Every structure is written in structure tokens, then in C-alpha cells.
Amino acid sequence: MLFGEEHVRRYVETDGAEGHDWQGTITLLLTTTGRRTGRSRTTPLIYQKNGDDYLVVASKGGSDEPPLWYLNLQADPEVDVQVLGDRFTARARTATPEEKPALWRKMAATWPAYDDYQTKTSRDIPVVVLERV
């Protein structure tokens, strides 16, 4: 099973032939700029399309702390995305309270554990919308 840096390396090397399909779902690569270091950080994340946009969830497995990639995109919402061989720049934003219920249902249908993660924390787990620039 691919995970972490190995997942990223193989995904990039194979244009997603290895790493896009993962544990019964699909992943993209999200590259953010470190808010403290200024370095690029790439994370494989489960995603779904929503029209022309891509959705990801800042769950960190239900932790009370958000994932670092989410803190990074809050500081700098311009991100790089790779879906299979398609690499593009996107602007990341947190789904609005009005949008979130429908987007959450879409993501939980893809990865049902998201509902379990939300029960583990009082933090409102965000759905992030990635809009191609």
C-alpha cells in the first residue's frame, strides 16, 4: 500500500498510474507552500470532482488539529494539483456553510470514514474546494 513520500514519488513518476487508485478510492496530489518554511509540501489526498472543481477534506483522521497542508493553504491559497497526468495551479478555499452539507455528503460517499472522523473531534472538519486557475 502506498503512503506518504513513497505515494507521492510513485504518483509523480507514473502520472498517477500508481497511486491514483488507492484503497477503493482515488487520490490527487496537493502541493502547498509551507507557511513557515516557504518550501513546497506535497500530500496525496482523496478527492472527488464537483463540476470543474476538485474537493478534498481536511480531516487528519478526526484529530482536533487540522492537517498542516490546510494551515498552509489558509496562509497561501495558491496551490498546485496533480490528477493523474494533469498538473495545474488552483486556488483553494474552504467550502461555505451553505455549500458544505452537499459537498460533505459527496466526500463521505467516497470515503465513509469521514463521518467517523467528524464524530472524533469538536473541530468542524472543512471541505476544501480547489478551483483551477
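The text that follows walks through the structure, step by step, so that each part is easy to find.

What counts, and where the lines are drawn
Residues numbered from 1 in each chain as written. Predicted model: local features only at pLDDT ≥ 70, side-chain atom pairs only at ≥ 80, totals over all residues. Heavy atoms only, no water. 1 Å grid on protein atoms, 1.4 Å probe; cavity = no way out; pocket = protein on both sides within 12 Å on 5 of 7 lines; lining within 4 Å. Points joined across faces, edges and corners; volume = space filled by probe spheres on them. Helix = DSSP H or I, 4+ residues; strand = E, 2+ residues; numbered from the N terminus. Nonpolar A, V, L, I, M, F, W, Y, C, P; charged D, E, K, R; others polar. Core = buried A, V, L, I, M, F, W, Y, C linked by side-chain atoms within 4.5 Å. Buried < 20%, exposed > 50% of the residue type's maximum accessible area, 1.4 Å probe, protein only. Contact = heavy atoms within 4.5 Å. Pairing = 2+ DSSP bridges.

Section: the layout of surface pockets
Then, in step 1: Roughly 710 Å³ of internal volume is contained in the largest pocket.
Then, in step 2: Lining the largest pocket are 27 residues, with Thr 43, Pro 44, Leu 45, Pro 67 and Trp 69 sitting closest to its centre.
Then, in step 3: Sorting the residues of the lining of the largest pocket by element identifies helix H1 (4-13), strand S2 (25-33), strand S3 (40-46), helix H2 (68-75) and helix H4 (113-120) as the ones contributing at least two each.
Then, in step 4: With six residues, S3 is the single largest residue contributor to the lining of the largest pocket.
Then, in step 5: For the lining of the largest pocket, the residue count by class is twelve nonpolar, eleven polar and four charged.

Quick notes on the nonpolar core
Soluble globular proteins tend to bury their nonpolar side chains together.
Then, in step 1: If you look at the biggest cluster of nonpolar residues, it comprises 18 residues, and the most contacted ones within it are Leu 28, Leu 30, Trp 69, Val 81 and Leu 130.
Then, in step 2: Residues in contact with Leu 28, not counting those within four places in the same chain, are Tyr 11, Thr 43, Pro 44, Leu 45, Tyr 47, Tyr 54, Val 56, Val 81, Gln 82, Val 83 and Leu 130.
Then, in step 3: In terms of nonpolar packing, the next biggest core, distinct from the first, is built from 15 residues, Trp 111, Tyr 114, Ile 125 and Val 127 among them.

What to know about the pairing of strand S6 (residues 78-83)
Then, in step 1: Relative to S6, S2 is paired through three bridges, and the arrangement is antiparallel. Bridge pairing in S6 links Leu 30 to Val 81.
Then, in step 2: Two elements, S6 and strand S7 (residues 86-94), share six bridges in a ladder whose sense is antiparallel. Residue pairing for S7: Gln 82 is matched across the bridge by Arg 87.

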